[in-house]
2 protein chains.
Amino acid sequence: MAKDMTLLWGSGSPPCWRVMIALEEKGLQGYNHKLLSFEKGEHKSQEVLDMNPRGQLPSFKHGSFVLNESYGACMYLESQFKSQGNELIPRCAAEQAMMYQRMFEGLTLTQKMGTWPKAEVFSRCFAPQGVTCSSCIAYLFRFGLNEERYPKLTEYYNLLKDRPSIKTSWPPTWLDDPQAKDLLKDI
Amino acid sequence: MAKDMTLLWGSGSPPCWRVMIALEEKGLQGYNHKLLSFEKGEHKSQEVLDMNPRGQLPSFKHGSFVLNESYGACMYLESQFKSQGNELIPRCAAEQAMMYQRMFEGLTLTQKMGTWPKAEVFSRCFAPQGVTCSSCIAYLFRFGLNEERYPKLTEYYNLLKDRPSIKTSWPPTWLDDPQAKDLLKDI
């Protein structure tokens, strides 16, 4: 089934990584993918523009269906492959309510980057907001977020980073260059 | 079942209206609701802060579960009441892919307000992005969006505005004051 799927992605992009984590969680290994370079402007190449007129990554295709919104792609994968791999939507109404609240809160928060969802809330219902937010959280620590200042988020990050789906899809450019920048150290 | 639900809302707020439309679509009439005034700062009242520490509307509660993110509340209602009222998530994979793409695109677009999704795409798969975006679209026309400049959006708006769920939940303050402002006429 994964053979019908193509992902155009950029290394270290939280939205791209989000979709890759969802694909791993749903057991969809073996999908076609192509790593493109933001630095070389390959996200504006014709190949991307043909799938995503905005020239943004990720660009995900399943058969003839294109999903360029990473959250949309994650939700689509969960709907289409509900019974495959890990269930990303909890069945319990309480956890489902919290999941939807946190998922969309996470979406707002990544724009506002003001406050942080509590780790224990996240860890109570890992997915899909774990799937959707973990790449952003890893990105923050990559850029030097102060672990002491955000103990709950650090706790959650440590809980996530060894998860197979996340380890497997870890951005290759981050492996080449493990030295994190410290842009966020004073936040 | 709707008796377990409480919605604190403000008139004319697209996020509040979005949840009200979803409640109507799911046949959940009879839920408890309280109209609060933004003008009087009632969205910062203790009653709201107890449900939503950010002091924002909508604030929606189902039993003991609080959902303050309007998109999250809509998705939760669809998950919990799948077989009740109108199905808000199409079963067909193609429509589902398009729905998730448009839904999250809509979310981005309401922040960017730059380009517009095509009416025929929306109308091919009304819900839930119809549910989630229609209040924003009505809001734009309310504030004088130029119909000639956005024919596709106008076509979609005309398609939506007579839908029972939308008519029933039409913002009361808009009825009192049908005269639209023209803030957006030059956009």
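Residues numbered from 1 in each chain as written. Chains lettered and ligands numbered in written order. Predicted model: local features only at pLDDT ≥ 70, side-chain atom pairs only at ≥ 80, totals over all residues. Heavy atoms only, no water.

Right, let's talk about helix α1 (residues 14-25) of chain A for a bit. All names here are of chain A. With 12 residues, α1 ought to run about 16 Å at 1.5 Å a step, and its terminal C-alpha atoms sit 16 Å apart, in line with that. With 11 of 12 residues buried, α1 lies mostly within the body of the structure. Taken residue by residue, α1 has P14, C16, W17, R18, V19, M20, I21, A22, L23, E24 and E25 as its buried positions. At the exit of α1 stands G27, carrying a positive phi of roughly 65°. (Helix = DSSP H or I, 4+ residues; strand = E, 2+ residues; numbered from the N terminus. Expected span 1.5 Å × (residues − 1). Buried < 20%, exposed > 50% of the residue type's maximum accessible area, 1.4 Å probe, protein only.)

Contacts between the two partners involve 25 residues from chain A and, on the opposite side, 25 residues from chain B. Here chain A and chain B share an interface that buries about 2300 Å² over both sides, 59% of which is from carbon and sulfur atoms. When residues of chain A are sorted by the area they lose upon contact with chain B, E69(A), Q101(A) and F104(A) head the list and together hold 25% of the total. Summed over the shared surface of chain A and chain B, the number is two salt bridges. In this structure, E105(A) engages R54(B) in a salt bridge whose closest nitrogen and oxygen atoms are separated by 3.0 Å. Only β4 (65-67), α3 (70-80) and α4 (93-112) of chain A provide two or more residues apiece to the side of chain A that touches chain B. Counting residues per element, the side of chain A that touches chain B draws most heavily on α4(A), at 13 residues. Tallied by class, residues from the side of chain A that touches chain B come to 14 nonpolar, eight polar and three charged. (Contact = heavy atoms within 4.5 Å. Buried area = accessible area lost by both parts, 1.4 Å probe. Salt bridge = Lys/Arg side-chain N within 4 Å of Asp/Glu carboxyl O. Nonpolar A, V, L, I, M, F, W, Y, C, P; charged D, E, K, R; others polar.)

With that settled, the discussion passes to the environment of R54(B). All names here are of chain B. Within the secondary structure, R54 is located in the loop between α2 (46-51) and β3 (59-62). For R54, a relative accessible area of 32% gives the class partly exposed. For the pair R54 and K44, spaced 10 residues apart in sequence, the C-alpha to C-alpha distance is 8.1 Å.

Mapped onto this structure's residue numbering, the UniProt feature "domain: GST N-terminal" (unreviewed entry) falls at residues 3-85 of chain A. Counted over residues 3-85 of chain A, helix gives 35% and strand 22%. Its end C-alpha atoms are 16 Å apart. (UniProt positions renumbered as here; feature names shortened; annotations may be inferred.)

Glancing now at the nonpolar core. Here is a general trend for soluble globular proteins: nonpolar side chains tend to be buried in one another's company. Residues F104(A) and F104(B) are the most contacted members of the largest nonpolar core, which totals 104 residues. Non-local contacts of F104(A), meaning those with residues more than four positions away in its chain, are made with E69(B), Y71(B), G72(B), M75(B), M103(B), F104(B) and L107(B). (Core = buried A, V, L, I, M, F, W, Y, C linked by side-chain atoms within 4.5 Å.)

Placing chain A over chain B gives an RMSD of 0.0 Å and needs a rotation angle of 180°, together with 0.0 Å of translation along the axis. Put plainly, the chains are arranged around a two-fold axis. A share of 100% of interface residues in chain A that are also interface residues in chain B marks the association as one of identical surfaces. (Least-squares fit on C-alpha atoms with pLDDT ≥ 70 in both.)

This next bit is on the pattern of salt bridges. What the rule picks out here adds up to 16 salt bridges over all chains. Linking E47(A) and K34(A) is a salt bridge whose minimum nitrogen-to-oxygen distance equals 2.8 Å. Linking E47(A) in helix α2 (residues 46-51) with K34(A) in strand β2 (residues 32-36), this pair joins segments that are 13 residues apart in sequence. Shared partners join several salt bridges into a network, and the residues in it are R54(A), E69(A), R102(B) and E105(B).

So, about the domain arrangement of chain A. All names here are of chain A. Each assigned domain of chain A is listed here: domain 1 (2-80) and domain 2 (93-176). Each partner contributes residues to the interface: domain 1 has 15 residues there, and domain 2 has 22 residues. At the boundary of domain 1 with domain 2, the tally comes to one salt bridge. In this structure, the salt-bridge partner of E25 is R163, at a minimum N-O distance of 2.6 Å. At the junction of domain 1 and domain 2, the tally comes to five residue pairs in polar contact (both at pLDDT 80 or more). For the side of domain 1 that touches domain 2, the elements supplying multiple residues, two or more each, are α1 and α3. (Domains from an automatic or database assignment. Polar contact = N/O pair within 3.5 Å; in protein donor to acceptor, adjacent residues only side chain to side chain.)

It is worth spelling out the environment of L107(B) at this point. As for its position among the elements, L107(B) is in helix α4 (residues 93-112). Placed 45 residues apart in sequence, L107(B) and K152(B) show a C-alpha to C-alpha distance of 18 Å. Not counting the four nearest positions on each side in its chain, L107(B) is found in contact with F104(A), L107(A) and Y71(B).

Where helix α7 (residues 151-160) of chain A is concerned, the buried positions are L153(A), T154(A), Y156(A), Y157(A) and L160(A). Buried residues of α7(A), viewed axially, fall in a sector of 165°; they line one side. (Arc of directions from axis to C-beta.)

To continue, consider the pairing of β3(B). Residue and element names in this part refer to chain B. Pairing of strand β1 (residues 5-10) with β3, which is carried by four bridges, proceeds in the antiparallel orientation. Paired with L7 across the two strands is F60, which belongs to β3. Sheet topology places β3 next to strand β4 (residues 65-67); three bridges connect them, and they run antiparallel. From the neighbouring strand, F60 faces β4, where its bridge partner is L67. Connecting β3 to the next strand, β4, in antiparallel fashion are two residues, including G63 with a positive phi near 60°. (Pairing = 2+ DSSP bridges.)

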